[in-house]
Amino acid sequence: MAPSSVVVTIEKPNKFSLVEINGSDSSTLLLEKQKSVSPKQFTWFIFLKAHRVFACLWWLPMAFKTKLSSVKKRISLSDASEEEAKSRRLYRFIKAFLFISISALVLEIVAHLKKWNLSIIQPWEVQGLLQRCYISWMSFRVDYVAPLVLTMSKFCIVLFLIQSLDRLVLCLGCFWIKYKNLKPRINGDPDDIEDDSSFPMVLVQIPMCNEREVFSQSIAAACQLDWPKDRILIQVLDDSDDGNLQLLIKDEVSSWREKGVNIIYRHRLIRTGYKAGNLKSAMACDYVKDYEFVAIFDADFQPNSDFLKQTVPHFKGDPELGLVQARWSFVNKDENLLTRLQNINLCFHFEVEQQVNGAFLNFFGFNGTAGVWRIKALEDSGGWLERTTVEDMDIAVRAHLNGWKFIFLNDVKVLCELPESYEAYKKQQHRWHSGPMQLFRLCLPAIVRSKIPISKKANLIFLFFLLRKLILPFYSFTLFCIILPLTMFIPEAELPLWVICYVPIFMSLLNILPSPKSFPFLVPYLLFENTMSVTKFNAMISGLFQLGSAYEWVVTKKTGRSSESDLVALAERESKEKITRRHSESGLNKLKQLDEIAPSKKRNKLYRKELALALLLLTAAARSLLSAHGVHFYFLLFQGLTFLVVGLDLIGEQIS
């Protein structure tokens, strides 16, 4: 059978043609064809290949130049310029460090190619200014730079080991809880389900601010809580500055009120203090004195209908209990790589940190939502204060200093969303890591003067604040983003292999244990956490020294995703009710206006500090390659590429 063939003919004035034959006997036919190829045709073939090679070589620098100018233009026109201006000192430091590293790399490459060696070159054998500079740099490096870097690296390694030991102890405590089945128990007899008067009065608060995507599902979930209607009041605390959105939320509240739900809408005219000011204003209402407990849910949280029946009974028979905190569950944890990595962190936070501290210390940081407070505990602790951006941690610390106990329910989960874009996640992490440092400055005198035992004071100061809120971001950034690339140019202070490989991988394994399905993301998780250390370090410094960005509060962007069960329930309800909750003319008009708004174009953002560190780490990786460092080279290479991906906003979804 004749082989299949494809003939491509390029006609030339001299009738030159190329023939490509594919088939089982193609090799034989090609050999026969080659015998008949003239030298002139072969010359044309070589010229064609050479033309393609030169065109490719010319295209590469031009493409690099175009991309570089595009990146530079995007940086100058980036919307994040105002935010970056507030952290310009750190960015300038990184740029200066990058310039020095690139200069050192160039010098090292020249020395490597010319095979200079300080130990065998005598002073009179020095030839040229460049070689003299290289020898002077090596002498200065050995005498002055290396001892300083070595001291810094040892200090950071000690902090790294202390924090790793703390993480290990927390994991052992979690294993002990699992082994002994230690769970909070309900004291006393359960409430009489037939007698509504036996149920305590519960206030449900839903603070929100411009939460267009999620307000309806959070209000619906709160209105479906299984609790006697005359023993519950739902407050929708709307701080939105969009008049159209306010009308939509009012319409939603009115529709549920018509169904018999005890729900009210509140909007502040003077919007000060962010979320703390909103909650403080709501607690000042006269009718609040009739209620014993208050449950708080952020706008994207959707509690199950039995949430109150699983949490409120724990207060019965324990007058010292001030807070019952539930665990978060995430509807979009598998949406993209960014949400998967966040899920690893938060699963460890809840299952290990919160559960162990609640079981053994009766204290942990309030998560700001999905929790039930005894109103008396809030009042005894001074209520909500507007002095920091972490009002939840603030009230928890003050309640702990006043002797109130907390419990964490790992089995009670409340559905919510994770930020899907890096920009939203970065702003959230900045607030979460700058606020604790603000609070530490303000609470330290009160902690020292408090009457709680010394052991609890030590836990608050050294573990809760210093180790987990200050030391962790400090050593992560300093050790892996500054000292490690620096040691590539200062081999006298080279970090041991176990510091950059074995211990970090082991600690990452411990972090992934609460979410075993995330094991394939072990290496991306380790690299991404080192990348986020820049944001956390910057936030920690701004909070510790009261810089302007420490007082920023940016509402985390939501997408309004729902679980499958929520979508089914919504479809059934809308088919039965014919969307009765949108029957008002004002609501319909507003919805039409919103539908007519054209969606804005999505685009990537650029992050200067991450891009500068990417170049720094890749420069250090190139220097490591000259010295034939195995693990050091691969770590610096992949860490630099991770910084590059994050700096170009290629992780997660891009927000409009």
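As annotated in an unreviewed UniProt entry, the protein chain is Xyloglucan glycosyltransferase 3 from Hibiscus syriacus. For the protein chain, the Subcellular location (unreviewed entry) comment in UniProt is given as "Golgi apparatus membrane". The heading Sequence similarities (unreviewed entry) in the UniProt record of the protein chain holds the text "Belongs to the glycosyltransferase 2 family. Plant cellulose synthase-like C subfamily."

Trainee: Help me out: how do you make sense of the overall build of the protein chain in this one?
Mentor: On a plain count of helices and strands, the protein chain comes out with 20 helices and seven strands. With 656 residues in all, the protein chain has 49% of them scored as buried. A sequence separation of at least 24 residues applies to 80% of the contacts in the protein chain between residues at least 6 apart. Here the protein chain has roughly 33,400 Å² of accessible surface; of this, 61% comes from carbon and sulfur atoms.

Trainee: Just checking my understanding: could you explain the UniProt feature "transmembrane region" (unreviewed entry) in the protein chain for this structure?
Mentor: Those residues carrying the UniProt feature "transmembrane region" (unreviewed entry) are residues 42–64, 96–113, 460–489, 495–513 and 610–626 in this numbering. Helix makes up 84% of residues 495–513 and strand 0%. Its end C-alpha atoms lie 28 Å apart. Taken end to end, residues 610–626 has its terminal C-alpha atoms 25 Å apart, with 100% of it in helix and 0% in strand.

Trainee: Looking at this model, I keep getting lost on the packing of helix 16 (residues 522–544) against helix 20 (residues 630–647). Mind explaining?
Mentor: Remark: helix 16 packs on helix 20, axes separated minimally by 9 Å, with the N-to-C direction vectors making an angle of 60°. The angle between helix 16 and helix 20 places the two elements in the oblique class. Like other packed secondary-structure pairs, helix 16 and helix 20 cross with a definite hand, here right-handed. Contact with helix 16, carried on its side by Leu 527, Phe 528, Asn 530, Thr 531 and Val 534, involves Phe 635, Phe 638, Gln 639, Thr 642, Phe 643 and Val 646 of helix 20 and no other residues of that element. The class makeup of the residues in the contact of helix 16 with helix 20 is seven nonpolar, four polar and no charged.

Trainee: Help me understand the sheet that holds strand 2 (residues 232–238), please; the structure alone is not making it clear to me.
Mentor: Strand pairing in a sheet relies on backbone hydrogen bonds, with the paired strands running either antiparallel or parallel. The seven strands lie next to each other as 3-2-1-4-6-5-7, forming an open sheet whose pairing is mixed. Taken across any chain shown, the strands that pair with only one partner, and hence form the sheet edges, are strand 3 (263–267) and strand 7 (405–416). When the angles between neighbouring strand axes are averaged without regard to direction, this sheet yields 20°. Taken together, the four bridges between strand 1 (residues 202–208) and strand 4 (residues 293–296) define a ladder with parallel strand orientation. Paired with Gln 205 across the two strands is Ile 296, which belongs to strand 4.

Trainee: Is there a simple way to explain the environment of Asp 251 in this structure?
Mentor: Relative to the helices and strands, Asp 251 resides in helix 7 (residues 243–258). Relative accessible area serves as the criterion here: at 11%, Asp 251 is assigned to the buried category. Considering only alpha carbons, one finds Asp 251 and Tyr 265, 14 residues apart in sequence, at a separation of 9.8 Å.

Trainee: Is there a simple way to explain a nonpolar patch on the surface in this structure?
Mentor: Taken together, the side chains of Trp 176, Tyr 179, Leu 182, Phe 360 and Leu 361 make up a nonpolar region of the molecular surface, amounting to roughly 540 Å² of accessible area. Within the fold, Phe 360 resides in helix 10 (residues 337–360).

Trainee: Where do I start with the packing of helix 10 against helix 16 in this structure?
Mentor: For any two helices packed against each other, one specifies the inter-axial angle together with the distance between the axes. For the pair helix 10 and helix 16, interaxial distance at closest approach is 10 Å and the crossing angle is 85°. With respect to helix 16, the element helix 10 is oriented roughly perpendicular. Residues Leu 338, Leu 341, Ile 344 and Asn 345 of helix 10 pack against Pro 524, Tyr 525, Phe 528 and Glu 529 of helix 16. Here the contact of helix 10 with helix 16 is composed, by residue class, of six nonpolar, one polar and one charged.

Trainee: I keep staring at helix 6 (residues 215–223) and nothing clicks. Help me out?
Mentor: Since the α-helix turns once every 3.6 residues, residues separated by three or four places project in the same direction. Across the nine residues of helix 6, eight count as buried, placing the element largely inside the fold. Of the residues making up helix 6, those classed as buried are Phe 215, Gln 217, Ser 218, Ile 219, Ala 220, Ala 221, Ala 222 and Cys 223.

Trainee: How do you make sense of the packing of aromatic side chains when you look at a structure like this?
Mentor: The geometry of an aromatic ring pair is captured by two quantities: the separation of the ring centres and the angle between the planes. Taken as a whole and judged by the stated rule, the model has 25 aromatic pairs. Ring geometry for Trp 373 and Phe 406: centres 5.7 Å apart, planes at 75°, overall edge-to-face. Separated by 33 residues along the polypeptide, Trp 373 in strand 6 (residues 371–374) and Phe 406 in strand 7 bring together distant segments of the chain. For Lys 469, the ring lying beneath its charged end belongs to Phe 464, and the centroid distance is 4.3 Å.

Trainee: Just to check I follow, could you spell out the side chain of Lys 457 for this structure?
Mentor: Along the polypeptide, Lys 457 turns up in helix 14 (residues 454–487). Of the side chains with opposite charge, Asp 394 lies nearest to the buried Lys 457, which makes no salt bridge, at 17 Å. Within the local environment of Lys 457, its side chain forms a polar contact with the backbone oxygen of Val 448, the two atoms lying 3.0 Å apart. Those residues within four positions of Lys 457 in sequence are excluded, and the remaining contacts are Ile 447, Val 448, Ser 450 and Ile 452.

Trainee: Is there a simple way to explain the side chain of His 314 in this structure?
Mentor: The topology assignment puts His 314 in the loop between helix 9 (307–311) and strand 5 (321–330). In this structure His 314 touches Pro 184, Arg 185, Ile 186, Leu 321, Val 324, Ile 407 and Leu 409, once residues within four positions along its chain are discounted.

Trainee: Please clarify how the environment of Gly 173 should be interpreted in this entry.
Mentor: As for its placement among the helices and strands, Gly 173 is situated in helix 5 (residues 129–180). The contacts of Gly 173, once residues within four sequence positions are left out, are Val 356 and Phe 360.

Trainee: Whenever I open this one, the pairing of strand 2 confuses me. Can you help?
Mentor: Looking along a regular strand, one sees the side chains alternate between the two faces of the sheet. Across the seven residues of strand 2, seven count as buried, placing the element largely inside the fold. Residues Ile 232, Ile 234, Val 236 and Asp 238 point to one face of strand 2 and Leu 233, Gln 235 and Leu 237 to the other, with burial holding for every one of them. Of the pairings in the sheet, the one linking strand 1 to strand 2 comprises seven bridges and is parallel in character. Bridged to Val 202 within strand 2 is Ile 232. Note on the crossover from strand 1 through helix 6 to strand 2: the handedness is right-handed. In this fold, strand 2 hands off to helix 7, which returns the chain to strand 3; that crossover is right-handed.

Trainee: I would appreciate a short explanation of the pairing of strand 6 in the present structure.
Mentor: Judged by which residues are buried, strand 6 turns out to be covered on both faces: Gly 371 and Trp 373 on one side and Val 372 and Arg 374 on the other are all buried. As defined by bridge partners, strand 4 adjoins strand 6 across four bridges and the pair is classed as antiparallel. Each bridged residue has a counterpart across the sheet, and for Ala 295 the counterpart in strand 6 is Val 372. As defined by bridge partners, strand 5 adjoins strand 6 across three bridges and the pair is classed as antiparallel. Looking across to strand 6, one finds that Val 324 is bridged to Val 372.

Thresholds, definitions, all that
Residues numbered from 1 in each chain as written. Predicted model: local features only at pLDDT ≥ 70, side-chain atom pairs only at ≥ 80, totals over all residues. Heavy atoms only, no water. UniProt positions renumbered as here; feature names shortened; annotations may be inferred. Helix = DSSP H or I, 4+ residues; strand = E, 2+ residues; numbered from the N terminus. Buried < 20%, exposed > 50% of the residue type's maximum accessible area, 1.4 Å probe, protein only. Contact = heavy atoms within 4.5 Å. Areas by Shrake-Rupley, 256 points an atom, 1.4 Å probe, with all protein chains shown as cover. Axes fitted to C-alpha atoms, helices over the stretch in contact; angles between N-to-C directions. Parallel < 35°, antiparallel > 145°, perpendicular 65-115°, else oblique. Left-handed = near helix turned anticlockwise from the far one by under 90°. Nonpolar A, V, L, I, M, F, W, Y, C, P; charged D, E, K, R; others polar. Pairing = 2+ DSSP bridges. Patch = residues over 30% accessible without salt bridge, like charges linked within 9 Å, V, L, I, M, F, W, Y side chains within 5 Å. Salt bridge = Lys/Arg side-chain N within 4 Å of Asp/Glu carboxyl O. Phe/Tyr/Trp six-rings, centres within 6.5 Å; stacked < 30°, edge-to-face > 60°. Lys NZ or Arg CZ within 6 Å of the ring centre and 35° of its normal. Lys, Arg positive; Asp, Glu negative; His and termini not counted. Polar contact = N/O pair within 3.5 Å; in protein donor to acceptor, adjacent residues only side chain to side chain. Right-handed = clockwise from strand over helix to strand, strands pointing away.

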